[in-house]
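Descriptive structure summary
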Amino acid sequence: MSTEPLKLELPWVEKYRPQLLKDIVGNEETVLRLQQIAQDGNMPHVIISGLPGIGKTTSVSCLAHELLGDAYSQAVLELNASDDRGIDVVRNQIKQFAQKKCSLPPGRHKIVILDEADSMTAGAQQALRRTMELYSNTTRFAFACNQSNKIIEPLQSRCAILRYSKLQDNQVLKRLLEVIEAENVQYTNDGLEAIIFTAEGDMRQALNNLQSTVAGYGLVNGENVFKIVDSPHPLIVKKMLLAETLDASLDLLQELWKKGYSAVDMVTTCFRVTKNLEEVKEGIRLEMIREIGFAHMRILEGVGTYLQLAGMLARIRKVRSG
């Protein structure tokens, strides 16, 4: 029996996580501001807000590494939404960390990173106000959140607010190609298009979908990617939306419905396909999007039935036939 230790493979999203600010993909202007902060060494309290998977937490982590170097492990407290972050954590854990003495490079501060800060209780956020003021000489706070408006006004006014936008397709593609080369992945162009289409600017989602497809099928092509992410194939959806007759549309809908795709998956794929539908004039395309929007709203309210989707296709057919 082999006594060699088992080598554990890291998820690619961790393996290829940037370690320095210059390696972060997208949001160049905001990252440039963070690089300036790292250079000056005087970090303000910051709130970074934006959609999931676009590099908020990674940016804060890289900034802390560049500011603190080897002192990172003892001078950074990181709390995630999965931790209990009620008022007791602020009073005990965060306060104790702020009071702790650390040997730091000159002019540097300890850093508290609060990930998913918008899910903190209002009481905990109120308790943070005083802690931030009392210990601002030694400790700085960095909040990463999806919606900055869920952070109370008094905390917002104490912080520099940086907003991250969704990554562009070419930025996601560039990073995917780097990972593909490093991992020697077999792929086709339609496979890459499928990953970018399903990720919608979310780098974490893109890398996870890539790794899952490689683990499941070996070859990254369009068909395999859509099987892995379990969403309707956009070519079938496109065919369904542009079918010559309503009956042909409904036949394709029936086919997708029997495969077990949810109404939400189908209606969101319809929207994403219609958005890029160059075969249809813009005015008609906007009308189609409007009908899909109404159907989406009803489905999210709980009426996720086949009838809603069939009705949506009937209204789209009416719009297209003028």
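Coordinates for the structure precede this section.
Predicted model, so just to flag it, every value in this text is computed and none were measured.

Quick look at the overall build of the chain
Scanning the chain from N- to C-terminus turns up 16 helices and seven strands. Principal-axis analysis of the C-alpha atoms places the extent of the chain at approximately 75 × 55 × 40 Å. Contacts spanning at least 24 positions in sequence make up 74% of the contacts within the chain whose residues lie at least 6 apart. Roughly 17300 Å² of accessible area belongs to the chain as shown, and the carbon and sulfur atoms make up 50% of that amount.

Here's the deal with the packing of helix α14 (residues 263-275) against helix α15 (residues 282-300)
Pairs of packed helices are described in terms of their axes, by the angle between the two and the distance that separates them. One way to put it is that α14 packs onto α15 with a least axis distance of 10 Å and a crossing angle of 160°. Between α14 and α15, the interaxial angle falls into the category roughly antiparallel. Crossing hand, α14 versus α15: left-handed. Contacts from Ala263, Val264, Val267, Thr268, Cys270, Phe271, Thr274 and Lys275 in α14 reach Arg285, Met288, Ile289, Ile292, Ala295, His296, Ile299 and Leu300 in α15. For the contact of α14 with α15, a count of residues per class yields eleven nonpolar, three polar and two charged.

With respect to the sheet that holds strand β3 (residues 110-114)
Strand order in the open sheet made by the five strands is β2-β3-β4-β1-β5, with parallel pairing throughout. Every other strand in the sheet has two partners, leaving β2 (76-79) and β5 (160-163) as the edge strands with one partner each. Across the sheet, the mean angle separating the axes of adjacent strands is 15° when strand polarity is ignored. Across the sheet, helix α6 (residues 122-134) touches β3 and β4 (139-145), and the angle it forms with β4 is around 145°.

Observations concerning the layout of surface pockets
Taken as a whole, the largest pocket holds about 660 Å³ of empty space. What lines the largest pocket is a set of 23 residues, among which Glu193, Phe197, Pro234, Arg272 and Asn276 lie closest to the centre. Among the secondary structure elements, those contributing two or more residues to the lining of the largest pocket are α9 (189-199), α11 (222-229), α12 (234-241) and α14. By residue number, the principal contributor to the lining of the largest pocket is α9, which donates five residues. Taken together, the residues of the lining of the largest pocket break down into nine nonpolar, four polar and ten charged. The residues that make up the lining of the largest pocket include at least three from each of domain 2 (169-229) and domain 3 (234-321). Roughly 540 Å³ of volume is contained in the second largest pocket.

About the cut-offs
- Residues numbered from 1 in each chain as written.
- Predicted model: local features only at pLDDT ≥ 70, side-chain atom pairs only at ≥ 80, totals over all residues.
- Heavy atoms only, no water.
- Helix = DSSP H or I, 4+ residues; strand = E, 2+ residues; numbered from the N terminus.
- Contact = heavy atoms within 4.5 Å.
- Areas by Shrake-Rupley, 256 points an atom, 1.4 Å probe, with all protein chains shown as cover.
- Axes fitted to C-alpha atoms, helices over the stretch in contact; angles between N-to-C directions.
- Parallel < 35°, antiparallel > 145°, perpendicular 65-115°, else oblique.
- Left-handed = near helix turned anticlockwise from the far one by under 90°.
- Nonpolar A, V, L, I, M, F, W, Y, C, P; charged D, E, K, R; others polar.
- Pairing = 2+ DSSP bridges.
- 1 Å grid on protein atoms, 1.4 Å probe; cavity = no way out; pocket = protein on both sides within 12 Å on 5 of 7 lines; lining within 4 Å.
- Points joined across faces, edges and corners; volume = space filled by probe spheres on them.
- Domains from an automatic or database assignment.

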